[in-house]
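Working through the structure, step by step
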Amino acid sequence: MTENPYGEDAEQFRMSLARAVRNTRQRRGLSLSAVARSAGLSKSTLSQLEAGKANPNIDTLWAIAKTLGVSFGDLVEDAQGEFNLIRAGSVTGIPAKESVFVSTMLAAVQNVGGFEFYVIDAEPSGVRHSAPHPWGVIEHMFMCAGKMSVTLPDRNVVLGEGDYLRFSGDVDHSYEALEPDTRIALIMQYPRMAEPRP
């Protein structure tokens, strides 16, 4: 578990996240034990999260979202009005557990197919592995600064500042920052309807 990933209002973030996880789990008719087991968590960890007493890392949230069959944004996006201004440095990202890799979601739209918009700051510290996202997810990456290696099942590409990459996110893939202060803008594009993997 980590310190609050959404700035100063830790309590609001924890309670919003707790409510989203608990409500989604209950709507799906899943037990606490079943979700914890499938997400690779202890039952007590999930229970603490649902009680608003924990701040999980990004890997934990992705595992829970995948188990519940929802997008990451469904769990962490606060209700936002038609206007949302985020000043640089006002929102702190959610760290990964195996590398210096911090994701900050800036927006999520879920009702029309959906997308999630992130800024990711990474340091050379090892490879960040990502399990396949739901079927049909497309990742759009724009390199703002630094250099990053992206490995897909059939290729590896190195991106530099100003480069753009689009690929199917529903396969195993990994990222590795190759320079200090690497920053990417990432859009996760979801298909219009949740469809089963062919």
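For the structure itself, look to the data block above.
Figured I'd write up the structure that's included with this text. (Residues numbered from 1 in each chain as written. Predicted model: local features only at pLDDT ≥ 70, side-chain atom pairs only at ≥ 80, totals over all residues. Heavy atoms only, no water.)

Right, let's get into the packing of helix α2 (residues 32–39) against helix α4 (residues 58–68). Any two packed helices are characterised by the angle at which their axes cross and by the distance between the axes. The N-to-C vectors of α2 and α4 enclose an angle of 120°; their axes lie 9 Å apart at closest approach. Classed by the angle they form, the pair α2 and α4 counts as oblique. Crossing angle aside, the handedness with which α2 passes α4 is right-handed. Counting all contacts with α2, which are made through Val 35, Ser 38 and Ala 39, the residues of α4 involved are Ala 63, Ile 64, Thr 67 and Leu 68. For the contact of α2 with α4, a count of residues per class yields five nonpolar, two polar and no charged. (Axes fitted to C-alpha atoms, helices over the stretch in contact; angles between N-to-C directions. Helix = DSSP H or I, 4+ residues; strand = E, 2+ residues; numbered from the N terminus. Parallel < 35°, antiparallel > 145°, perpendicular 65-115°, else oblique. Left-handed = near helix turned anticlockwise from the far one by under 90°. Contact = heavy atoms within 4.5 Å. Nonpolar A, V, L, I, M, F, W, Y, C, P; charged D, E, K, R; others polar.)

Glancing now at the side chain of Ser 174. Relative to the helices and strands, Ser 174 is located in strand β9 (residues 173–177). Non-local contacts of Ser 174, meaning those with residues more than four positions away in its chain, are made with Val 127, Arg 128, His 129, Ser 130, Ser 149, Val 150 and Thr 151.

Moving on, we come to the pattern of salt bridges. Evaluation of the coordinates by the stated rule reveals four salt bridges. With a shortest N-O distance of 2.8 Å, Arg 128 and Asp 59 are connected by a salt bridge. One end of the pair, Arg 128, is in strand β4 (residues 128–130); the other, Asp 59, is in helix α4, with 69 residues separating them in the sequence. Exposure remark for Arg 128: the relative accessible area of 8% places this residue in the buried category. Of the charged contacts in the structure, one is a salt bridge between Arg 183 and Asp 121, with a shortest N-O distance of 2.6 Å. (Salt bridge = Lys/Arg side-chain N within 4 Å of Asp/Glu carboxyl O. Buried < 20%, exposed > 50% of the residue type's maximum accessible area, 1.4 Å probe, protein only.)

What follows concerns the pairing of strand β10 (residues 182–189). Working note: regular strand, side chains alternate between the two faces of the sheet. Bridge count for strand β3 (residues 115–122) against β10 is eight bridges, and the pairing is antiparallel. By the bridge assignment for β10, Asp 121 is matched with Arg 183. Note that strand β5 (residues 138–145) and β10 share seven bridges and pair antiparallel. Along β10, the bridge assignment pairs Glu 139 with Met 188. (Pairing = 2+ DSSP bridges.)

Moving on: the environment of Tyr 164. Structurally, Tyr 164 is set in strand β8 (residues 164–168). In contact with Tyr 164, other than residues within four places in its own chain, are His 140, Met 141 and Phe 142. At a separation of 2.5 Å, a polar atom in the side chain of Tyr 164 contacts the side chain of His 140. (Polar contact = N/O pair within 3.5 Å; in protein donor to acceptor, adjacent residues only side chain to side chain.)

This part covers unusual backbone geometry. Look at Asp 181: it is not a glycine, yet its phi comes out positive at around 60°. In this structure, Asp 181 sits in the loop between β9 and β10. Overall, the relative accessible area of 58% leaves Asp 181 in the exposed class.

What follows concerns the pairing of β9. Within β9, four of the five residues are buried, leaving the element largely enclosed by the surrounding structure. Two strands pair when backbone bridges link them, and β4 and β9 are joined in this way by three bridges, in the antiparallel orientation. Within the sheet, the bridge partner assigned to Ser 130 lies in β9 and is His 173. Pairing geometry for strand β6 (residues 147–152) and β9, over four bridges, is antiparallel. For Ser 149, the partnering residue across the bridge sits in β9 and is Glu 176.

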